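# Chain and residue survey
Here is how the chains run, residue by residue.
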Amino acid sequence: MSSGRSLLDTLHEALAAHPIGPLCVAYSGGPDSTALLHALASMPQARARGLRAIHVDHVLHPESARWAAHCRAFSATLGLTCDIHAAQVDRHGGMGLEAAARHARYSLFARHLHVGERLLLGHHQDDQVETILLKLLRGAGPEGLGGMRAERALGGGTLWRPLLALPRQALGDYVRAHALPSIHDPSNDDTRLARNHLRNDVLPLLKTHWPHATASITHSASLCRAASDALAQNWLGELDSLRDEATNSLAAGAWLALAPALRDPLLSHWLHTQGLPAPTTAQRRQIERQCAAREGQLPLIRWPGAELYVWKNRLWAMAPRRHTTWPEGLSWQGEPLTLPDGGRLTLEPAAARLPAPLRVSTRSGGERIRPAGDRHTRDLRSLFQTGAVPPWQRDACPLLYEGDELIAVADRWLSARAQELFSACGGRPRWHPT
């Protein structure tokens, strides 16, 4: 049986097993995605499901615009549309260029995938082996050593890797047999990058000693995947009891009391559901040590793409916060207002309006307010502590001024004057933190 036929057979079986949902190919223009797109375009059952392509231009290479044009033109020769989206890769986020590009790419996929659509990727068996070895070298557990999943939710649809059992050669043979034009990204030759070093230097040497290494590694991965899925039945149940639905925080002590085989994947899953990357083994151990922090301390564990706080005996995770400068003269009369840090200030009900604008600012230190019904004027620091305002939200909390007088701290503390103003307009302020 030819390699080209093997690719078509694999896709016929995959489509028959998953007959529902429109199809979209993540098309980079490289040999693997070219073979996948061309093979699917030759299948009436794929075209009947609204087959299309999507290409992400990372804007990292001088030829990237030409590559995007190639992808659109080649798709057109197949009678298919190819949507091009330019990515904004965060070069300074600390996660490395490869990881940042991947994050930007998948964010675009999630945003532009149609509801119920399947996004097909050309990842194959050799890609899987590389992924497993990289995970092994980074100290991963059963979930990581299980390799890439064939399917997972993405945006409103599903990410799908139907070729994980097919070797790279099968796709290369298909491209050559059909004389398909494809793009060669020179970054794939840079063996300073870990995956390229494995692909070009390590794996060929490994296979000279262990010719069946690929089959053995993928078999071990399937066993790890089965073990991981079995463990998930236990830690998913624990997650329901540890997580507070209102705040999406985890009970630190109860999490720490779990066995490591449950504790580690639970943490990773909780982070991934928030769009955050998982920590390294060293960072996990640091989180565990900080779970015993004394009252009044605020441990913060950072890694590229995430921040995790231990506060009030709970774990709180979020994307890294950026310093923002609040403009002078920011005012608000009740209309929805986007704050400099991305939070929002609104008035409920939405139709309500104040008789005159209030000045909006953030704290600089030393602010005081006398909350309605309180006999004493309070400083903000004490109010934030007693009012359980998370420390990472305090600098972003909007303060409302009438002239030079502080009359409201977001929707948390209102002076008698603020109550009078809001009661008169029939509204109530509402702060929506990021």
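Shown above is the structure to which this text applies.
Below you will find a few notes about this structure. This is a predicted model, so every value here is computed, not measured.

## Considerations on the state of the cysteines
This structure, assessed with the given rule, holds 0 disulfides. No disulfide involves Cys82; its sulfur sits 5.5 Å from the nearest other cysteine sulfur, which is in Cys71. Overall, Cys82 belongs to the buried group, its relative accessible area being 7%.

## Remarks on a positive patch on the surface
A surface patch of positive charge is lined by Arg102, Lys135, Arg138 and Arg152. One can find Arg138 in the loop between helix 6 (125–137) and helix 7 (142–145).

## Some remarks on the sheet that holds strand 10 (residues 306–311)
Strands sit in the order 7-8-11-10-9 across an open sheet of 5 strands; the sheet is antiparallel. Of all strands in the sheet, those bounded by a partner on one side alone are strand 7 (243–244) and strand 9 (300–303). Direction of pairing for strand 8 (residues 249–251) relative to strand 11 (residues 314–318): antiparallel, over a ladder of 2 bridges. If you follow Leu250 over to strand 11, its bridge partner there is Leu315.

## Brief notes about the side chain of Glu307
In this fold, Glu307 is placed in strand 10. Take Glu307: its relative accessible area is 5%, and that puts it in the buried class. In terms of polar contacts, Glu307 uses its side chain to reach the side chain of Arg302, at 3.2 Å.

## Quick notes on helix 16 (residues 416–425)
Among the residues of helix 16, those classed as buried are Ala418, Leu421, Phe422 and Cys425. Projected down its long axis, helix 16 shows its buried positions confined to an angular sector of 90 degrees, all on one face. Residues of helix 16 that are exposed and point over 90 degrees away from its buried face: Ala416, Ser423 and Ala424.

## As for the packing of aromatic side chains
Summed over the entire model, instances satisfying the criterion amount to 8 aromatic pairs. Among the aromatic side chains, those forming a connected cluster through ring pairs are Tyr309, Trp311, Trp316 and Trp392. Across the ring face of Tyr106, the terminal group of Arg102 is positioned such that the distance to the ring centre comes to 4.4 Å. Across the ring face of Tyr401, the terminal group of Arg359 is positioned such that the distance to the ring centre comes to 4.3 Å.

The rules behind the values
- Residues numbered from 1 in each chain as written.
- Predicted model: local features only at pLDDT ≥ 70, side-chain atom pairs only at ≥ 80, totals over all residues.
- Heavy atoms only, no water.
- Disulfide = S-S within 2.5 Å.
- Buried < 20%, exposed > 50% of the residue type's maximum accessible area, 1.4 Å probe, protein only.
- Patch = residues over 30% accessible without salt bridge, like charges linked within 9 Å, V, L, I, M, F, W, Y side chains within 5 Å.
- Areas by Shrake-Rupley, 256 points an atom, 1.4 Å probe, with all protein chains shown as cover.
- Salt bridge = Lys/Arg side-chain N within 4 Å of Asp/Glu carboxyl O.
- Lys, Arg positive; Asp, Glu negative; His and termini not counted.
- Charge placed at Lys NZ, Arg CZ, Asp CG, Glu CD.
- Helix = DSSP H or I, 4+ residues; strand = E, 2+ residues; numbered from the N terminus.
- Pairing = 2+ DSSP bridges.
- Polar contact = N/O pair within 3.5 Å; in protein donor to acceptor, adjacent residues only side chain to side chain.
- Arc of directions from axis to C-beta.
- Phe/Tyr/Trp six-rings, centres within 6.5 Å; stacked < 30°, edge-to-face > 60°.
- Lys NZ or Arg CZ within 6 Å of the ring centre and 35° of its normal.

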